[in-house]
Amino acid sequence: AKAAAAAPATPAAASAAAAPPSAPFVERTPEELAKMKKDERGAYHQARIAAQQAAATGAGAVAGVAEAEGAGGKGVQLTKAQRRAMQEAQRKVKEDAKVGPSEFEELLKDLKLQGLTEQQAREVIEQMGKTTVEEGDDDDDEDDEAEDLLSDVREWMDEQDAVTKDSMSDFNLKVRFQGHVDSGPPDHIRAILAVLVGQIAEGLDLAAGAKLQPGAVAKKAEPVMKRWAPLLEVIYSKIEDALEGSDAAVQGVFEALASREGSSDNGIAIAAVGIFMAMRDIDMIEDDDLLTGCKRVDTQSTVLDKFVEFLEQELEDDEEDSA
């Protein structure tokens, strides 16, 4: 399988969107901002708000709520990340007493650049100062269903009708607005594959002694992989380290299969090989990287060993053809 060539993000956009929270904030020129995509501008201005005005900490997360609800954000059920952001913002607002005229205008401008209307931006700023969030909410959150990356990715995927390369922007917005700012392409690949593996494995008998064949799994996996190929290919192409990418793809599949109740080592290996066969039909991971990932699996098996031999033969044949 050949890896798809995805259009690289602009240096300015990549730097703004990918910089960790602890990295020094770097102002961008209007020309650089114009080259950014909407989600990249959003990430940039969130970082700018955090660096410029402590009172605006968490504005990006709150903005996500207001944007989703239209105007007002009344009656919103905040996520854990948004509640924490709101709490922090409120503490800072109380410390600063109030947002001065110049700070207000700067914050208003930043929120509008993130895609909010002026009315929505004003309501976000007002909500930051007036909405009461109970300090004990964090304790109650522990009793709620975990709002982790996987559950948020699954929720987003369930909402999609069509999947194209343009879905990447919407996916990024979902991930960032849910507070997963430290997650990266390898994490996203693992999460997406976990959801897809769950769909593929539904109805499969992964128990020891089951008469499961890789070919049957591949047949079931092919339409699933092809549907999500536009997103998988783009995200995977953003993983710079080949080893990290192969581990995310291969181990992500094995981990998702191992989490299923009643699965055996042999059943997991058979299903994984079938999924890898289908994965080779999309332009996500090269055979040599897939081979490396399979060789790094802790639990080897006869079916996986045979698949490794198959990949080695394919690569050898390719070298002979190109000689």
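All of the points below concern the structure found in this document. Residue positions are given per chain, counting from 1 as you read along its sequence in written order. It should be noted that, the model being predicted, local features are given only for residues of pLDDT at least 70 and side-chain atom pairs only at 80 or more, the latter also being counted only at that level, while totals for whole chains, interfaces and linings use all residues. Each side-chain value is derived from all of the structure's non-hydrogen atoms; neither hydrogens nor water enter the calculation.

**Remarks on the nonpolar core**
- The definition of a nonpolar core used throughout is a set of buried Ala, Val, Leu, Ile, Met, Phe, Trp, Tyr and Cys residues joined through side-chain atoms within 4.5 Å. Only protein chains enter the area calculation, which uses a 1.4 Å probe; residues under 20% of their type maximum are buried, those over 50% are exposed, and those in between are partly exposed. By size, the foremost hydrophobic cluster in this structure holds 61 residues, and its most contacted members are Met225, Leu232, Leu257, Ile275, Phe276 and Met279.
- Going through the elements one at a time, helix H9 (149-158), helix H10 (167-177), helix H11 (185-201), helix H12 (214-237), helix H13 (242-258), helix H14 (265-279), helix H15 (287-295) and helix H16 (302-322) are the ones with two or more residues in this core.
- Sequence-distant contacts of Ile275, that is, excluding residues within four places in its chain, are made with Val197, Ile200, Val217, Ala221, Met225, Val253 and Leu257.
- Counting five residues, the second largest nonpolar core, distinct from the first, contains Leu107, Leu108, Ala121 and Ile125. Counting from the N terminus, the helices are DSSP H or I runs at least four residues long and the strands are E runs at least two residues long. We call two residues in contact when some of their heavy atoms are within 4.5 Å.

**Brief notes about the packing of H13 against H14**
- Close contact between H13 and H14 brings their axes to 10 Å; oriented N to C, the two are set at 140 degrees. Judged by the angle between their axes, H13 and H14 are oblique. Crossing geometry of H13 relative to H14 is assigned as right-handed. Mapping the contact onto sequence places Ala249, Val250, Val253, Phe254, Leu257 and Ala258 in H13 and Ile268, Ala269, Ala271, Ala272, Ile275, Phe276 and Met279 in H14.
- Across the contact of H13 with H14, the residue classes tally to 13 nonpolar, no polar and no charged. Here an angle of 0 to 180 degrees is reported between the N-to-C directions of two axes, which are lines fitted to C-alpha atoms, with helices fitted over the stretch in contact. For this classification, under 35 degrees means roughly parallel, over 145 means roughly antiparallel, 65 to 115 means roughly perpendicular, and everything else is oblique. Crossings are assigned a handedness: left-handed for a near helix turned anticlockwise from the far helix by less than a right angle, right-handed for a clockwise turn. Note on residue categories: nonpolar means Ala, Val, Leu, Ile, Met, Phe, Trp, Tyr, Cys or Pro, charged means Asp, Glu, Lys or Arg, and polar means any other residue, Gly included.

**Some remarks on the side chain of Asp287**
- Note on placement: Asp287 falls in helix H15.
- Under the rule applied, a polar contact is a pair of N or O atoms within 3.5 Å (in protein, one hydrogen donor and one hydrogen acceptor; residues adjacent in sequence only if both atoms are side-chain atoms). Within the structure, Asp287 has its side chain in polar contact with the side chain of Arg280 (distance 2.8 Å).

**Things to note about the packing of aromatic side chains**
- Two aromatic rings from Phe, Tyr or Trp, using only the six-membered ring of Trp, form a pair when their centres are within 6.5 Å; if the ring planes differ by under 30 degrees the pair is stacked, by over 60 it is edge-to-face, and anything between is tilted. Applying the stated criterion to the full structure yields five aromatic pairs.
- Each ring, one from Trp156 and one from Phe171, has its centre 5.2 Å from the other, and the planes form 80 degrees; the classification is edge-to-face. Residue Trp156 is located in helix H9, and its partner Phe171 is located in helix H10; the two are separated by 15 residues in the primary sequence. No difference in accessibility class separates Trp156 from Phe171, as the two residues are buried.
- What links up through ring pairs into an aromatic cluster is the set Phe254, Phe276, Phe307 and Phe310.

**What to know about the side chain of Asp289**
- Take Asp289: it is sitting in helix H15.
- Despite its burial, Asp289 pairs with no opposite charge, the nearest such side chain being Arg296 at 10 Å.
- When residues no more than four places from it in sequence are discounted, the contact partners of Asp289 are Tyr236, Ala242 and Ser246. For the purpose of counting charges, residues Lys and Arg are taken to be positive, whereas Asp and Glu are taken to be negative. His and the chain ends are not included. The rule for a salt bridge is simple: a side-chain nitrogen of Lys or Arg has to be within 4 Å of a carboxyl oxygen of Asp or Glu.

**Digging into the pattern of salt bridges**
- Within the structure shown, the criterion is met by seven salt bridges.
- The closest approach of N and O atoms between Asp287 and Arg280, which form a salt bridge, is 2.8 Å.
- Among the ionic pairs, Arg280 bridges to Glu314, the shortest N-O distance being 3.8 Å. Remark: Glu314 occurs in helix H16 and Arg280 occurs in the loop between H14 and H15; sequence separation between them is 34 residues.
- Here the salt bridges do not stand alone but share partners, grouping Arg280, Asp287 and Glu314 into one network.

**Quick notes on the environment of Leu193**
- Assignment of secondary structure puts Leu193 in helix H11.
- Overall, Leu193 belongs to the buried group, its relative accessible area being 0%.
- Each residue touching Leu193, except ones within four places of it in the same chain, is listed here: Met225, Leu232, Ala248, Ala249, Val253 and Met279.

**Considering the packing of H11 against H13**
- At their nearest, the axes of H11 and H13 sit 8 Å apart, and the two run at 35 degrees to each other. The crossing of H11 and H13 is right-handed. Contacts between H11 and H13 involve Pro186, Ile189, Arg190, Leu193, Ala194, Val197 and Ala201 from the first element and Glu244, Asp247, Ala248, Ala249, Gln251, Gly252, Val253, Glu255, Ala256 and Leu257 from the second.
- Of the residues belonging to the contact of H11 with H13, the class tally is eleven nonpolar, two polar and four charged.

**Digging into H13**
- For H13, with 17 residues, the first-to-last C-alpha span of 24 Å sits near the 24 Å given by 1.5 Å per residue.
- Buried positions along H13 lie against H11, H12, H14, H15 and H16.
- The opening residue of H13, the one whose side-chain oxygen lies 2.9 Å from the backbone nitrogen of Leu243, is Asp241. One less than the residue count of a helix, multiplied by 1.5 Å, gives the span that helix is expected to have.

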